Amino acid sequence: MESPRKISGTVLRFERSSIYDGDGLRTVLFLKGCPLRCLWCSTPESQKFEPERGMTHEKCTLCGRCVKACPNGALSIEGGRIKTDQEKCAGRFECLRACPNGAITQYGVKMTAAEAVREIAKDELFFFHSGGGLTVSGGEPLSQPEFLKEVLAGCRERGIECAIESSFCAPWEKIEPILPYISLLHADIKQIDPEKHKKLTGVGNAQILDNIKRADKSPYKFGIVIRTPLIPGINDADEDLIKLAGYVSSLQKLRFMEFLAYHRLGTETYKRLEREYELDEIQPPEAQFMREKALLFKKAAGVTVKINGVTVE
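Once a new chain begins, its residue numbering starts again from 1 and follows that chain's sequence as written. Thresholds applied to this predicted model are a pLDDT of at least 70 for local features of residues and 80 or more for the giving and counting of side-chain atom pairs; totals over whole chains, interfaces and linings are not thresholded and use all residues. Think of the side-chain values as coming from all heavy atoms in the structure, minus any hydrogens and water.

Undergrad: Give a detailed account of the packing of helix α9 (residues 238–248) against helix α11 (residues 287–301), specifying residues and quantitative values.
TA: Running from amino to carboxyl end, α9 crosses α11 at an angle of 40°, the nearest separation of the two axes being 8 Å. Relative to α11, α9 is oriented oblique. Judged by the sense of rotation from one axis to the other, the crossing of α9 with α11 is right-handed. Seen from α9, the contacting residues are D238, L241, I242, L244, A245 and V248; seen from α11, they are K293, L296, F297, A300 and A301. All amino acids are sorted into three groups, where Ala, Val, Leu, Ile, Met, Phe, Trp, Tyr, Cys and Pro are nonpolar, Asp, Glu, Lys and Arg are charged, and the leftover types, Gly among them, are polar. For the contact of α9 with α11, the per-class residue count stands at nine nonpolar, no polar and two charged. Convention adopted: a line fitted to C-alpha atoms gives each axis, helices being fitted over their contacting stretch, and angles between N-to-C directions are expressed from 0 to 180 degrees. Secondary structure is summarised from DSSP: a helix means a run of H or I of at least four residues, a strand means a run of E of at least two, and numbering begins at the N terminus for each. Put simply, angles under 35 degrees are roughly parallel, angles over 145 are roughly antiparallel, angles from 65 to 115 are roughly perpendicular, and the rest are oblique. Helix crossings are classified by the rotation of the near helix relative to the far one: an anticlockwise turn of less than a right angle makes the crossing left-handed, while a clockwise turn makes it right-handed. Note on contacts: a residue pair qualifies if any of its non-hydrogen atoms lie within 4.5 Å across the two residues.

Below, the structure written as structure tokens:
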């Protein structure tokens with residue numbers, strides 16, 4: 001039987017010294033794979049499970065080396081740029097190794113849980129002095145539940161505090177085994193209205209809301225932070241925020257509610273992946289807009305509210 005630490009997963013990347021994903025300095029492990037397709041997703045390269053190829057066309061000189069290197073003939077030069085036939089692409093990345101200009105990016109790599117823990121443990125000194133630890137994000141980390149559990153268990157064995165950031169869009173039997181290993185859960189609620197949620201993310205929210213309630217009532221000792229991205233004209237209706245306030249105020253493990261201002265930092269990645277960004281006309285909100293929505297929620301919920309990590313007074 002395979003050793004648990006040899007269970008493999010698909011890692012998107014590690015980000016170090018984050019101060020926004022839990023207490024202290026955090027190393028954030030981003031996993032690949034997500035059941036949601038949020039219109040505003042800022043990490044589209046995290047949605048699919050398998051490693052993906054991205055192309056920065058501004059760096060490409062059309063030398064054709066990647067085309068020749070592809071064993072499946074998935075690449076061609078058409079209209080003055082490299083075109084990819086996704087059905088032919090086998091994800092072997094010979095193209096990346098052949099490119100002399102760094103125009104090709106690999107999103108995602110396979111590694112074992114033990115390898116991931118060793119990488120995270122490089123930051124143990126920073127965790128110790130800052131009160132920080134590991135935060136696993138995505139994508140959706142619960143899309144790789146066995147790998148996630150073994151990474152968390154390996155870190156806890158080393159005394160590393162663990163948190164996860166999740167949409168909680170997963171069967172409860174995949175969630176409960178994770179809970180003993182975490183001290184903090186960042187749970188995303190994109191939209192409280194079920195029909196609007198499905199329109200914006202591709203899935204309903206009944207399972208998500210039920211899972212958060214079940215986690216809140218569980219015997220495990222961890223705090224909950226509810227996070228909601230605010231996208232002007234998309235999910236910012238006052239009536240929906242007031243409904244969300246009613247739901248959030250009932251949570252016993254709640255530490256605070258956090259609103260995240262919509263941003264456009266992932267739009268370049270859509271271009272590299274040759275995907276369309278559907279909210280191209282939406283601009284980031286003004287600070288006053290965020291404050292007004294946060295104060296409305298705070299009055300309705302009676303809980304601590306933050307905007308991008310800053311407490312609203």
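Right, picking up where we left off after that structure.
Undergrad: I'd like a rundown of the side chain of N205, residues and numbers included.
TA: Looking at the element boundaries, N205 is found in the loop between α7 (194–201) and α8 (206–217). Of the polar contacts made by the side chain of N205, one reaches the backbone oxygen of Q191; its length is 3.0 Å. Not counting chain neighbours up to four residues away, the residues in contact with N205 comprise Q191, I192, D193, P194 and H197. Pairing of N or O atoms within 3.5 Å defines a polar contact, subject to two protein rules: one partner must be a possible hydrogen donor and the other a possible acceptor, and residues neighboring in sequence count only if both atoms are side-chain atoms.

Undergrad: Any chance you could break down the pattern of salt bridges for me, citing the residues and the numbers?
TA: Pairing is possible between side chains of opposite charge, provided their charged atoms come close. Note on definitions: salt bridges are taken to be side-chain nitrogens of Lys or Arg within 4 Å of carboxyl oxygens of Asp or Glu. Per the stated rule, a full pass over the model turns up 20 salt bridges. D280 is paired through a salt bridge with R264; the nearest N and O atoms lie 3.0 Å apart. Highlighted residues: D280 in the loop between α10 (267–272) and α11 and R264 in the loop between β12 (254–261) and α10, separated in sequence by 16 residues. Throughout this description, buried means an accessible area under 20% of the type-specific maximum (1.4 Å probe, protein chains only), exposed means over 50%, and partly exposed covers the range between. Residue classification places D280 among the partly exposed positions, given a relative accessible area of 40%.

Undergrad: Give a detailed account of the packing of helix α3 (residues 113–121) against helix α5 (residues 145–157), specifying residues and quantitative values.
TA: The description of two helices packed together rests on the angle between their axes and the distance between the axes. Relative to each other, α3 and α5 sit at 45°, their axes nearing to 9 Å. The pairing of α3 with α5 is recorded here as oblique in orientation. In this structure, α3 meets α5 at a crossing whose hand is right-handed. The segment α3 lies against α5, with A113, A116, V117 and I120 engaging F147, E150, V151, G154 and C155. Of the residues contributing to the contact of α3 with α5, the split by class is seven nonpolar, one polar and one charged.

Undergrad: Account for unusual backbone geometry, with residues named and values stated.
TA: Following G138, the chain continues into G139 via a peptide bond in cis, with omega recorded as 15°. Inspection of the secondary structure puts G139 in the loop between β8 (133–137) and α5. Unlike most non-glycine residues, N308 shows phi in positive territory, near 50°. Among the secondary structure elements, N308 is positioned in the loop between β13 (305–307) and β14 (310–311).

Undergrad: An account of the sheet that holds strand β2 (residues 26–31) is requested, with residue identities and associated values reported.
TA: Note: two strands are recorded as paired if DSSP finds a minimum of 2 bridges between them. In space, the ten strands of this open sheet follow the order β7-β1-β2-β8-β9-β10-β11-β12-β13-β14, with mixed pairing throughout. Since the sheet does not close on itself, it has two edges, and those belong to β7 (109–112) and β14, each with one partner. In this sheet, β8 lies alongside β2 in parallel orientation, the contact comprising five bridges. In the strand pairing of β8, R26 is matched with G133.

Undergrad: How would you summarise the state of the cysteines if you had to cite specific residues and measurements?
TA: We call a pair of cysteine sulfur atoms a disulfide when they lie within 2.5 Å. For the structure on display, the rule yields zero disulfides. No disulfide involves C162; its sulfur sits 4.8 Å from that of C155, the nearest cysteine. Classification of C162 as buried rests on a relative accessible area of 1%.

Undergrad: Any details on the pairing of strand β9 (residues 161–166)? Residues and values, ideally.
TA: With respect to burial, β9 is a largely interior element, five of its six residues being buried. Of the pairings in the sheet, the one linking β8 to β9 comprises four bridges and is parallel in character. Paired with V136 across the strands is I164, a residue of β9. Running through α5, the crossover from β8 to the neighbouring parallel element β9 is right-handed. If you view a crossover with the strands going away from you and the path from the first strand over the helix to the second runs clockwise, you call it right-handed.

Undergrad: If you had to explain the environment of K174 to someone new, which residues and values would you point to?
TA: Mapped onto the elements of the fold, K174 is located in helix α6 (residues 172–175). Distance in space between the C-alpha atoms of K174 and G131 is 28 Å, their sequence separation being 43 residues. Residue contacts for K174: discarding those within four places in its chain leaves L142, P145 and E146.

Undergrad: Give a detailed account of the layout of surface pockets, specifying residues and quantitative values.
TA: A probe matching the size of a water molecule, rolled over the atoms, marks out where space remains unfilled. In this structure, the largest pocket occupies an estimated 1200 Å³ of space. Together, 42 residues line the largest pocket, and S42, T43, E165, L260 and H263 are the ones closest to its centre. Elements with a contribution of two residues or more to the lining of the largest pocket: β1 (8–18), β2, β9, β11 (223–230) and β12. Of all the elements, β1 adds the most residues to the lining of the largest pocket, at five residues. When the residues that make up the lining of the largest pocket are grouped by side-chain class, the tally is 15 nonpolar, 16 polar and eleven charged. What the second largest pocket holds in volume is close to 230 Å³. Only protein atoms enter the calculation, which uses a 1 Å grid: trapped sets of points that fit a 1.4 Å probe without letting it out are cavities, open sets showing protein on both sides within 12 Å along at least five of seven lines are pockets, and any residue with an atom within 4 Å of a point is a lining residue. Taken together, 14 residues form the lining of the second largest pocket, with K48, E52, R53, Q86 and C89 sitting closest to its centre. Counted by class, the lining of the second largest pocket contains five nonpolar, three polar and six charged residues. Grid points are joined across faces, edges and corners, and a volume is the space filled by probe spheres set on the points.

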